[in-house]
Amino acid sequence: MKENWKALARDYLQQEKNRNINLLSALEGGLAEVKAVNERGCLLCTGGTVYQLAASDTQAALELFRLVPPDTTMLEVQDTAQIGPLAQCFQPACIETYYNAWYEKASITVPEIGAQVYPARLEDAPDLARYYHMPGPSSGDAAAVERYLYDRIRSGTVFCVSLDGALAGFAGTHEEGSIGLLTVLPAYRRRGLGTYLEQVAIRRALERGHIPFGQIAEDNTASLALQRSLGMTVAEELVCWMER
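One structure accompanies this document, and this report is about it. (Residues numbered from 1 in each chain as written. Predicted model: local features only at pLDDT ≥ 70, side-chain atom pairs only at ≥ 80, totals over all residues. Heavy atoms only, no water.)

Thoughts on the overall build of the chain
Tallying secondary structure elements over the chain gives eight helices and eleven strands in all. The C-alpha atoms of the chain give a radius of gyration of 18 Å, which matches the 18 Å a tight globule of 244 residues would have. With respect to the three principal axes, the spread of C-alpha positions in the chain is 55 × 40 × 35 Å. Counting only residues that meet the buried cut, the chain has 52% of its 244 residues in that class. Within the structure as shown, the chain displays about 11,600 Å² of accessible surface, and the carbon and sulfur contribution to it stands at 47%. (Helix = DSSP H or I, 4+ residues; strand = E, 2+ residues; numbered from the N terminus. Rg over C-alpha atoms; globule rule 2.2 N^0.38 Å. Buried < 20%, exposed > 50% of the residue type's maximum accessible area, 1.4 Å probe, protein only. Areas by Shrake-Rupley, 256 points an atom, 1.4 Å probe, with all protein chains shown as cover.)

Some points on the packing of helix α3 (residues 58-65) against helix α4 (residues 83-90)
Put simply, α3 and α4 touch, their axes get as near as 10 Å, and they point 20° apart. One finds that α3 runs roughly parallel with respect to α4. Seen along the crossing, α3 lies across α4 with a hand that is right-handed. In contact with Thr 58, Ala 61, Leu 62 and Phe 65 of α3, α4 contributes Pro 85, Leu 86, Cys 89 and Phe 90. (Axes fitted to C-alpha atoms, helices over the stretch in contact; angles between N-to-C directions. Parallel < 35°, antiparallel > 145°, perpendicular 65-115°, else oblique. Left-handed = near helix turned anticlockwise from the far one by under 90°. Contact = heavy atoms within 4.5 Å.)

Some remarks on the packing of aromatic side chains
A complete count under the given rule lists one aromatic pair for this structure. For the ring pair Phe 65 and Phe 90, a centre distance of 6.2 Å and an interplane angle of 85° mean the geometry is edge-to-face. Of this pair, Phe 65 sits in helix α3 while Phe 90 sits in helix α4; the two residues are 25 residues apart in sequence, bridging distant segments of the chain. On the basis of relative accessibility, which here comes to 0%, the residue Phe 90 falls in the buried class. For Arg 244, the ring lying beneath its charged end belongs to Phe 90, and the centroid distance is 3.9 Å. (Phe/Tyr/Trp six-rings, centres within 6.5 Å; stacked < 30°, edge-to-face > 60°. Lys NZ or Arg CZ within 6 Å of the ring centre and 35° of its normal.)

Thoughts on the state of the cysteines
Tallying each qualifying case throughout the model produces zero disulfides. Left without a disulfide partner, Cys 94 is nearest to the cysteine sulfur of Cys 240, which lies 9.0 Å away. (Disulfide = S-S within 2.5 Å.)

Re the pattern of salt bridges
This structure, assessed with the given rule, holds nine salt bridges. Among the salt bridges present, the one from Lys 35 reaches Glu 33, with a minimum N-O distance of 3.4 Å. By relative accessible area, Lys 35 is classed as partly exposed at 32%. Using a relative accessible area of 43% as the deciding quantity, one classes Glu 33 as partly exposed. Two residues, Asp 124 and Arg 121, come together in a salt bridge whose shortest N-O distance is 2.9 Å. (Salt bridge = Lys/Arg side-chain N within 4 Å of Asp/Glu carboxyl O.)

Considerations on the pairing of strand β4 (residues 74-77)
Examined bridge by bridge, strand β3 (residues 50-55) and β4 share four bridges and lie parallel to one another. Note that in β4 the partner of Leu 53 across the bridge is Val 77. Taken together, β3, α3 and β4 form a β-α-β motif whose crossover is right-handed. In terms of strand pairing, β4 meets strand β11 (residues 233-243) through four bridges, oriented antiparallel. Within β11, the residue paired with Glu 76 across the bridge is Trp 241. (Pairing = 2+ DSSP bridges. Right-handed = clockwise from strand over helix to strand, strands pointing away.)

Some points on the nonpolar core
Within the largest apolar cluster, 44 residues are counted, with the highest numbers of intra-cluster contacts made by Leu 128 and Leu 149. With six residues, helix α7 (residues 193-207) is the largest single contributor of residues to this core. Those residues in contact with Leu 149, other than ones at most four positions away along the chain, are Ala 125, Leu 128, Ala 129, Tyr 132 and Leu 181. Core analysis: the next-biggest nonpolar cluster, separate from the first, contains 19 residues, Phe 65, Val 77, Ile 83 and Leu 86 among them. (Core = buried A, V, L, I, M, F, W, Y, C linked by side-chain atoms within 4.5 Å.)

Points about α3
For α3, the complete set of buried residues consists of Ala 60, Ala 61, Leu 64 and Phe 65. In a view along the axis of α3, the buried residues occupy a sector of 140°, so they form one face of it. Sitting at the amino-terminal end of α3 is Asp 57, which places a side-chain oxygen 3.1 Å from the backbone nitrogen of Gln 59. (Arc of directions from axis to C-beta. Polar contact = N/O pair within 3.5 Å; in protein donor to acceptor, adjacent residues only side chain to side chain.)

The structure is reproduced here in structure tokens:
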């Protein structure tokens, strides 16, 4: 039975592809495991710790939520209309809403700007943590930010960019596959480096056979404009992250 779950989950998520592109990317990229699926929804788990829930109605969402382990700290909900009932059950410390943005072309042109791109090393984590603003309840916890960067660097998905031999910025992907961590050091801002970092991140995702996608806070108009300028499609629907 379980061998068919991935296909069933894919079929369900494809019904609202724009809303569910993040789950489809995680599923197709081999990052997510299907924990439950039926004609009214599905529940995915990424990295053994992050749960993602898509359901056609609140009752179906609540039924799937019962399968989420009690020690889970991060839950993504695809339909913001279900935030209230699920938040009552999950009791998050933080709720944030985002737009999905994804790249549908098969390739991307990355301009030559004289930068060196190289994989981040574990010993880089403390330095990167000085500049990275992590969303959620751990945003002010320097040790938590550093631990998170260590984890992402170990996954091999974080890269750095240097100009004239000095660190200028970095980016990577979060555990569920979204492009993120995008940070330009203060001395290099307003030089188009944010665009360059995302172009490199998109190319790396395409090379791994993943659907390049990111999640942008609904009030981050500058980032939304950047996504569109890069040819990304921005969903009309919001998705929700809950963290405790």
